[in-house]
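Coordinate inspection notes
Here's the letter readout for the chains.
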Number of protein chains: 2
Amino acid sequence: MSEDAPKEVGELGEFALIERLCARLRPSFQRSEVIVGIGDDAAVIDAGGGRCWVVTCDVQVQGRHFPAKGVSGFHVGHKALAVNISDIAAMGGRPRYAIASLGMRADTPVSFVEEVYDGLNSVANRWSVLLLGGNVTRTEESFFIDIFLMGEAERESVLLRSTAKAGDQILVTGSLGDAAAGLHLVAHPEIQVRDDTHTILTYAFLRPQPRVEEGLAIAQLRLASAMMDLSDGLTGDLGHLCRASGVGAVLWAHALPLSASALELASLTRDNPVEWALSGGEDYQLLLTAPVSAVPALQEGVRAAGGLPLTPIGEIVPASQGIRLKQGDELTPITSRAWDHFRPTGEGYA
Amino acid sequence: MSEDAPKEVGELGEFALIERLCARLRPSFQRSEVIVGIGDDAAVIDAGGGRCWVVTCDVQVQGRHFPAKGVSGFHVGHKALAVNISDIAAMGGRPRYAIASLGMRADTPVSFVEEVYDGLNSVANRWSVLLLGGNVTRTEESFFIDIFLMGEAERESVLLRSTAKAGDQILVTGSLGDAAAGLHLVAHPEIQVRDDTHTILTYAFLRPQPRVEEGLAIAQLRLASAMMDLSDGLTGDLGHLCRASGVGAVLWAHALPLSASALELASLTRDNPVEWALSGGEDYQLLLTAPVSAVPALQEGVRAAGGLPLTPIGEIVPASQGIRLKQGDELTPITSRAWDHFRPTGEGYA
């Protein structure tokens, strides 16, 4: 390490740290059954017979991933499992088994932890996930819940983020920016909106719905070239996809699917809903790429799976052109603003 | 919940809390391929073809599982993976794939996290585990590392903790109490012992060696009736095994295998090494039960696997007799003193 190399993880940032850590791993052996190791939404292991295991984990920390106040235990449990299911959905897999690891202070109310489990139970039943066990440990500080999830997929249908091609269209399920709008409402309970708008937006943030059926439909059609889920924000996640695939992208600002609810709130708060859609994060929609000719069949498949629209929002271009946003006739380079846990923008909700 | 039911997890205790949480899970479906769900060292899933998956997770929290000072990043990484491998070994399985989830403050030194990964890498290579990925999140407080581990086992050889039978002998691999003695040395660096004694004892605490080869040898012989690993302390873990199997036990104090190193330290500090062996915890040896007639073959199998002794330390009796310690001719009931993260005894190392 050179003299002026970053000495604390906060200087390095989340993604550079992960890269550095992966470089420390020097396996002394190979495993031919590992199809995808580190670097995608989930790891993929050949299970034989044309099937594979898709495994992932993600942690939710109080004060970082959810505000310490205003979020019930039920929502914490719901979200902890749902965001992991979303990673499996992003590969075109079906979630199967989960294990939960919880950390909490000794003065945590029993009722709060029971609510967390009620949230887990509800999501597990909705998406047919079996919770196989877990452990509970004491911390002196924030509550955390870490979920490990195993899913299954057809080996030939698994979709990666590293296989997008120049010329492909970029598509997204559902609408974008609702979770960011919902977080705004949770953080500002004084804002008055219609009841159903409030429910739609806060639930988009507190109870994300992983797009499992849509992901399966897309994978089974074998028409998409790449897929991932949207957790860090569209521009950040698109940046990950482009880097992994070695391509660039143009996003069409006018085409971003905004919900009537997000538009209603934005007109009230004078926020820019396009900003929510671009960098709000936590929408847990699927972001995919596919040749233009495949788009109608994919749209029909996604609609049949759950009624959601699948909206073209841009196109993949050669890497040399970078990632740009098209507004009218103007093309502006997009700086990736992915949620980075160690960067000043990622101050959390503490 | 009645009026005077415990309201905080600290009042309830770790094991009662886990029981309460498991009761909140009400799966709306069955999975016939799940052989063992919640409650053993690891969950077991039928993988077809006579094989099964054995999956587990365990977290290490700074200040709880290891002292905030005096433990290098390498040791934290080593132990985090080793204790999970021990859970797979306890089922007679072979560890395969791991995912790591880390939480840390922004001012954590990059070099510390790199050392953690060096520790992970070393253990992964020693026991042929492939690290498939992970994630890093920011906390405002203690460092934690949560590991999920998938292993494989032969379906017919998997050993559970719930199948011990009255009349069986109780056996343990290696020696007991070395980890407790090592913790004592780490906590009291002023104590002077011989270099090799220091290394043996502190390494027993800082670099536990999961008994994978021994576990496989025992499982393949199909002579043992039950098995688990020793993490919470012999009396506590034996209590778990007895409750799960619906049996009681008599432990023979004189037969507990104590190492020369532990005896050397105990004579210096005037500690009781039998106490370290009974309730020190973190030895990560295998605790098993087997009919008396099977003991010689099991001892030979364990010796051939890695040179360790397999020592008879007691016998399984009917549940009505409880769990007792035999010292000379005297039988004393043992109160289970398992490490409980939320009990006053479990104050951690903060």
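Residues numbered from 1 in each chain as written. Chains lettered and ligands numbered in written order. Predicted model: local features only at pLDDT ≥ 70, side-chain atom pairs only at ≥ 80, totals over all residues. Heavy atoms only, no water.

**Focus: helix α6 (residues 195-206) of chain A**
Residue and element names in this part refer to chain A.
- Here α6 spans 16 Å end to end across 12 residues, near enough to the 16 Å set by a 1.5 Å rise per residue.
- Within the sequence span of α6, burial applies to Thr197, Leu201, Thr202, Phe205 and Leu206. Buried residues of α6, seen end-on, are gathered within an arc of 140° and therefore sit on one face of the element. (Helix = DSSP H or I, 4+ residues; strand = E, 2+ residues; numbered from the N terminus. Expected span 1.5 Å × (residues − 1). Buried < 20%, exposed > 50% of the residue type's maximum accessible area, 1.4 Å probe, protein only. Arc of directions from axis to C-beta.)

**Some points on the interface of chain B and chain A**
- With 76 residues of chain B at the contact, the number on the chain A side is 77 residues.
- Across the contact surface, chain B and chain A share eight salt bridges.
- Between chain B and chain A we count 30 residue pairs in polar contact (both at pLDDT 80 or more) in total.
- For the side of chain B that touches chain A, the secondary structure elements donating two or more residues are α1 (9-12), α2 (14-24), β2 (43-48), β3 (51-61), β4 (94-104), α4 (110-126), β5 (130-138) and β6 (144-154) of chain B.
- In the side of chain B that touches chain A, the residues fall into 38 nonpolar, 17 polar and 21 charged. (Contact = heavy atoms within 4.5 Å. Salt bridge = Lys/Arg side-chain N within 4 Å of Asp/Glu carboxyl O. Polar contact = N/O pair within 3.5 Å; in protein donor to acceptor, adjacent residues only side chain to side chain. Nonpolar A, V, L, I, M, F, W, Y, C, P; charged D, E, K, R; others polar.)

**Describing the packing of α6 of chain A against helix α9 (residues 260-269) of chain A**
All names here are of chain A.
- Contact geometry for α6 and α9: axes closest at 9 Å, N-to-C directions at 105°. When the axis of α6 is compared with that of α9, the two are roughly perpendicular. Contacts from Thr197, Ile200 and Leu201 of α6 reach α9 at Ser261, Ala262, Glu264 and Leu265.
- Looking at the contact of α6 with α9, its residues break down into four nonpolar, two polar and one charged. (Axes fitted to C-alpha atoms, helices over the stretch in contact; angles between N-to-C directions. Parallel < 35°, antiparallel > 145°, perpendicular 65-115°, else oblique.)

**Re the sheet that holds strand β11 (residues 310-318) of chain A**
Residue and element names in this part refer to chain A.
- With respect to topology, seven strands assemble into an open sheet ordered β8-β10-β7-β11-β9-β12-β13, the strand pairing being mixed. Only two strands of the sheet have a single neighbouring strand rather than two, namely β8 (226-229) and β13 (330-333). When the angles between neighbouring strand axes are averaged without regard to direction, this sheet yields 25°.
- Here helix α8 (residues 234-245) sits on the sheet in contact with β7 (169-173), β8, β9 (247-252), β10 (286-290), β11 and β12 (323-327), set at roughly 150° to β9.
- Docked against the sheet, helix α11 (residues 295-306) engages β7, β10 and β11, running at close to 140° with respect to β11. (Pairing = 2+ DSSP bridges.)

**Let's talk about the packing of helix α7 (residues 212-221) of chain B against helix α11 (residues 295-306) of chain B**
All names here are of chain B.
- Two numbers describe how α7 lies on α11: the axes approach to 8 Å, and their chain directions differ by 145°. Where α7 crosses over α11, the handedness of that crossing is right-handed. Facing Glu213, Glu214, Ala217, Ile218 and Leu221 of α7, the residues of α11 in contact are Ala297, Leu298, Gly301, Val302, Ala305 and Gly306.
- Residues that form the contact of α7 with α11 fall into these classes: seven nonpolar, two polar and two charged. (Left-handed = near helix turned anticlockwise from the far one by under 90°.)

**Comments concerning the sheet that holds strand β11 (residues 310-318) of chain B**
Residues and elements named next belong to chain B.
- Spatial strand order, β8-β10-β7-β11-β9-β12-β13: seven strands in an open sheet with mixed pairing. Among the strands making up the open sheet, the edge pair consists of β8 (226-229) and β13 (330-333). For this sheet, the mean angle separating the axes of adjacent strands, direction not counted, is 25°.
- Taken together, the five bridges between strand β9 (residues 247-252) and β11 define a ladder with antiparallel strand orientation. Note on β11: the bridge partner recorded for Leu251 is Gly314.
- On top of the sheet, α7 reaches β7 (169-173), β8 and β10 (286-290); it is set at about 15° to β10, its chief contact.

**So, the packing of aromatic side chains**
- What the rule picks out here adds up to seven aromatic pairs over all chains.
- A ring pair is formed by Trp53 of chain A and Trp53 of chain B, whose centres lie 6.3 Å apart and whose planes are at 80°; its orientation type is edge-to-face. Of this pair, Trp53 of chain A sits in strand β3 (residues 51-61) while Trp53 of chain B sits in strand β3, placing the two residues on different chains.
- Both rings, one in Trp53 of chain B and one in Tyr97 of chain B, keep their centres 6.2 Å apart while their planes meet at 45°; by these two values the pair is tilted. Residue Trp53 of chain B is located in strand β3, and its partner Tyr97 of chain B is located in strand β4; the two are separated by 44 residues in the primary sequence. Of the two residues, Trp53 of chain B and Tyr97 of chain B, neither departs from the other in class, the shared state being buried.
- An aromatic cluster is built from Trp53 and Tyr97 of chain A together with Trp53 and Tyr97 of chain B, whose rings are joined through pairwise contacts.
- Between Lys79 of chain A and the ring centre of Phe205 of chain A, over which it is positioned, the NZ or CZ distance is 3.9 Å. (Phe/Tyr/Trp six-rings, centres within 6.5 Å; stacked < 30°, edge-to-face > 60°. Lys NZ or Arg CZ within 6 Å of the ring centre and 35° of its normal.)

**Structural notes on the relation of the copies chain B and chain A**
- For the pair chain B and chain A, the best superposition has an RMSD of 0.0 Å and corresponds to a rotation of 180° with a translation of 0.0 Å parallel to the axis. Those values place the two copies in the arrangement expected of a two-fold rotation axis.
- Here 100% of the interface residues in chain B have copies in chain A that are interface residues too; the copies meet face to matching face. (Least-squares fit on C-alpha atoms with pLDDT ≥ 70 in both.)

**Side note on the pairing of β6 of chain B**
All names here are of chain B.
- Burial of β6 is extensive: 10 of the 11 residues sit out of reach of the surface.
- As paired elements, β3 and β6 share 11 bridges and run antiparallel to each other. Across the sheet, residue Cys57 finds its bridge partner in β6, namely Phe148.
- With nine bridges connecting them, β4 and β6 associate as antiparallel partners. Counterpart to Ala98 in the pairing with β6 is Leu149.

**What to know about α11 of chain A**
Residues and elements named next belong to chain A.
- When the terminal C-alpha atoms of α11 are compared, their 17 Å separation across 12 residues agrees well with the 16 Å that a helix rising 1.5 Å per residue should span.
- Tucked into the core, α11 has its buried residues touching β7, α7 (212-221), β10 and β11.
- In the stretch just after α11, Gly307 is the one whose phi turns positive, near 85°.

**Examining the pattern of salt bridges**
Residue and element names in this part refer to chain B.
- Tallied over the entire structure, the rule returns 28 salt bridges over all chains.
- Residue Asp46 pairs with Arg155 through a salt bridge whose shortest N-O separation is 2.6 Å. Taken as a pair, Asp46 in strand β2 and Arg155 in the loop between β6 and β7 lie far apart in primary sequence, 109 residues in all.
- Owing to a relative accessible area of 24%, Asp46 belongs among the partly exposed residues under this scheme.
- The partner of Glu154 in a salt bridge is Arg222, and the shortest N-O contact between them spans 3.2 Å. Note that Glu154 is positioned in strand β6 and Arg222 in the loop between α7 and β8, a separation of 68 residues in sequence.
- Here Glu154 falls in the partly exposed class, since its relative accessible area comes to 30%.

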